[in-house]
Amino acid sequence: MADRGFDLKARIETLEANDLKRALSPVDRVAERGYFAEPSGSELPVLEAAEALVFASNNYLGLTDDQRVQDAARQAAATVGTGAGASRLVTGDTMVHRDLERALAEVKGTDRALAFSSGYAANVGTITALEPDVVFSDELNHASIIDGCRLADAETVVYDHCDAASLRSNLEERADRATQAGREPADESWLIVTDSVFSMDGTVAPLRAICDAAEEHGAWVMVDEAHATGLYANGGGVVQAEGLEERVQIQMGTLSKALASQGGYVAGSDELIECLINDARAFVFSTGLAPPAAAAASEALHVARHSDAREKLWANVTHLRDGLESMGFEVWGDSQILPVVVGDRMDAMTLAEGICERDVVAPAIRPPTVPEGTSRLRVAPMATHDRDDVIDCLEAFRAAGEETGLL
Ligand SMILES: Cc1ncc(COP(=O)(O)O)c(C=O)c1O
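Residues numbered from 1 in each chain as written. Predicted model: local features only at pLDDT ≥ 70, side-chain atom pairs only at ≥ 80, totals over all residues. Heavy atoms only, no water.

*Asks:* Can you walk me through the domain arrangement of the protein in this structure?
*Replies:* When the parts of a complex come together, some accessible area is lost, and that lost area is often used as the size of the interface. Split into domains, the protein comes out as domain 1 (25-54 + 308-404) and domain 2 (67-306). The gap between the C-alpha centroids of domain 1 and domain 2 is 28 Å. Listed as interface residues are 15 residues of domain 1 and, on the opposing side, 17 residues of domain 2. Across the domain 1 to domain 2 interface the summed buried area is about 1200 Å²; carbon plus sulfur atoms make up 52%. When residues of domain 1 are sorted by the area they lose upon contact with domain 2, Arg310, Ile337 and Arg378 head the list and together hold 38% of the total. Put simply, domain 1 and domain 2 have 1 salt bridge between them. For Asp201, the salt bridge is made with Arg376, and the minimal N-O distance between the two is 3.1 Å. At the junction of domain 1 and domain 2, the tally comes to 10 residue pairs in polar contact (both at pLDDT 80 or more). The element that contributes the greatest number of residues to the side of domain 1 that touches domain 2 is helix 12 (residues 309-327), accounting for 3 residues. Classifying every residue of the side of domain 1 that touches domain 2 by side-chain character gives 7 nonpolar, 4 polar and 4 charged. (Domains from an automatic or database assignment. Contact = heavy atoms within 4.5 Å. Buried area = accessible area lost by both parts, 1.4 Å probe. Salt bridge = Lys/Arg side-chain N within 4 Å of Asp/Glu carboxyl O. Polar contact = N/O pair within 3.5 Å; in protein donor to acceptor, adjacent residues only side chain to side chain. Helix = DSSP H or I, 4+ residues; strand = E, 2+ residues; numbered from the N terminus. Nonpolar A, V, L, I, M, F, W, Y, C, P; charged D, E, K, R; others polar.)

See below:
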């Protein structure tokens, strides 16, 4: 009989042969420390005997087990419900969604904000709803931006990572081509899109220079603040730190990292939000964000704005970066994400295993996620790590680095 099925076994074997197969390692809780289990496939996981320090989470402010955030989720579940029950446009639009959106708009300095069921959905939904003719995209932008460009069927021009000069020359080149083809600027819609903090490199986009270049060509700017929301000025992102609210037309982000919840958001003008409510298929045809998730994010945003959590995070970042660099490790980036760049993929694996044996978790990031020769350990401290946790992490790096000959 003819076989028109899918040879999944061969696919998995290829992944294994290329050392690219990923696996799930469950943990008992989401916090600055936890008990992990070996990947167990369909079997129930068995937790390790030793507790590990987690330096690998995007729970940057450590708010997932904050009493206030948990109470907010509990209360929303009890009073509003555990799920939205329908798309926001049907009956899933609740007061907790509105409360969250008002708080996000206030922090982001925009008319309004709109919550999506994930950051992925927010990016895909927004880019496809805008239907840009041309997107100028940083080469290291997140997969959800890339997928949004693909689904929007936009002509996508990729510029060099965090390089405003490269963006500028691509804008000029594309403008010249349009002129030669007899097109007026108003005939095309252009969108420049960038992450603000890049998750694997810890780099921060040069937003001011990007806005300068955009304005010269009348393009709009969309900034993905997934790894920045809650961490910068007044609980905002890099857009707030740089005071660029008036020059960035679309700010998006996720509720799933520093805001300790689940979901995504877009913040911008009244018109933008009205368009998204009508045209973003990922919003229209998807159940509203779960009310406990909305309430938890709202409370986490409040804590991010009004507590010392941000200060504690940045103090841990400085301590850890200084410690790693003074040992001789190469640490990239300018943000809370500290990529310890080792180079060789096997060296990165060995170093990650070495610190894991010392009960510190920070994953090795290898090709194809990052370019060949730049394998690294992605180290992400949290506000709730105390001084001793940071020292334990540094000691693990020192011992594993010496053992592997990397130091
Ligand atoms: C830069 C960036 N944008 C968007 C997303 C997607 O957000 P979410 O995890 O809420 O779907 C992520 C996270 O994975 C991200 O790192």
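*Asks:* Sorry, what's going on with helix 2 (residues 67-79) here?
*Replies:* In an α-helix, one turn spans 3.6 residues, which is why side chains three or four residues apart end up on the same side. The end-to-end C-alpha distance of helix 2 is 18 Å, a good match for the 18 Å that 13 residues give at a rise of 1.5 Å each. Contacts made by the buried residues of helix 2 are with helix 3 (95-108) and helix 11 (291-306). (Expected span 1.5 Å × (residues − 1).)

*Asks:* Help me understand the pairing of strand 11 (residues 338-343), please; the structure alone is not making it clear to me.
*Replies:* Regular strands place their side chains on alternate faces of the sheet. Extensive coverage of strand 11 is indicated by the burial of 5 of its 6 residues. Pairing of strand 10 (residues 330-331) with strand 11 involves 2 bridges; the strand directions are antiparallel. Residue pairing across strands places Val331 opposite Val340, the latter belonging to strand 11. The loop that links strand 10 with its antiparallel partner strand 11 comprises 6 residues; one of these, Gly333, has a positive phi angle of about 90 degrees. Bridge analysis of strand 11 against strand 14 (residues 375-379) gives 5 bridges, and the strand direction is antiparallel. Bridge assignment links Gly343 to a residue of strand 14, and that residue is Ser375. (Buried < 20%, exposed > 50% of the residue type's maximum accessible area, 1.4 Å probe, protein only. Pairing = 2+ DSSP bridges.)

*Asks:* Teacher, can you tell me more about the sheet that holds strand 10 here?
*Replies:* Pairing between the strands of a sheet is mediated by backbone hydrogen bonds and can be parallel or antiparallel. Ordered in space as 10-11-14-13, the 4 strands form an open sheet in which the pairing is antiparallel. The open sheet is flanked by strand 10 and strand 13 (364-365), the only strands paired with a single partner. Taken together, the 2 bridges between strand 13 and strand 14 define a ladder with antiparallel strand orientation. Along strand 14, the bridge assignment pairs Ala364 with Leu377. Each of strand 11, strand 13 and strand 14 touches helix 13 (residues 345-357); the most contacted strand, strand 14, lies at about 30 degrees to it. (Axes fitted to C-alpha atoms, helices over the stretch in contact; angles between N-to-C directions.)

*Asks:* Just to check I follow, could you spell out the pairing of strand 7 (residues 220-224) for this structure?
*Replies:* Of all 5 residues that make up strand 7, 4 are buried, and the element is covered over most of its length. Here strand 6 (residues 190-195) pairs with strand 7 via 5 bridges, running parallel. Looking across to strand 7, one finds that Leu191 is bridged to Trp220. After leaving strand 6, the chain enters helix 7 (residues 207-217) and then returns to the sheet as strand 7, a path that is right-handed. (Right-handed = clockwise from strand over helix to strand, strands pointing away.)

*Asks:* Can you walk me through the packing of helix 6 (residues 164-180) against helix 7 in this structure?
*Replies:* Working note: a packed helix pair is described by the angle between its axes plus the distance between those axes. At a minimum axis separation of 9 Å, helix 6 and helix 7 run at an interaxial angle of 10 degrees. Taken as axis vectors, helix 6 and helix 7 run roughly parallel relative to one another. Judged by residue contacts, Ala164, Leu167, Arg168, Leu171, Glu172 and Ala175 of helix 6 engage Ala209, Ile210, Asp212, Ala213, Glu216 and His217 from helix 7. Of the residues in the contact of helix 6 with helix 7, the class split is 7 nonpolar, 1 polar and 4 charged. (Parallel < 35°, antiparallel > 145°, perpendicular 65-115°, else oblique.)

*Asks:* Where do I start with the site of the ligand in this structure?
*Replies:* Taken together, 14 residues are adjacent to the ligand, and Gly119, Asp224, His227, Thr254 and Lys257 come closest. Take Asp224: an N or O atom from its side chain is 2.6 Å from a nitrogen atom of the ligand. Take Ser256: an N or O atom from its side chain is 3.3 Å from an oxygen atom of the ligand. For the ligand, whose free accessible area comes to 390 Å², the fraction covered by protein is 84%. Among the elements that take part in the shell around the ligand, helix 4 (residues 119-130) stands out by supplying 3 residues, more than any other. (Near = heavy atom within 4 Å. Areas by Shrake-Rupley, 256 points an atom, 1.4 Å probe, with all protein chains shown as cover.)

*Asks:* Quick question: what am I supposed to make of the environment of Leu394 here?
*Replies:* Following the sequence through the fold, Leu394 ends up in helix 14 (residues 387-404). Here the alpha-carbon distance between Leu394 and Ala293, two residues 101 residues apart in the chain, equals 34 Å. If sequence neighbours within four positions are ignored, Leu394 has contacts with His319, Leu320, Gly323, Leu324 and Met327.

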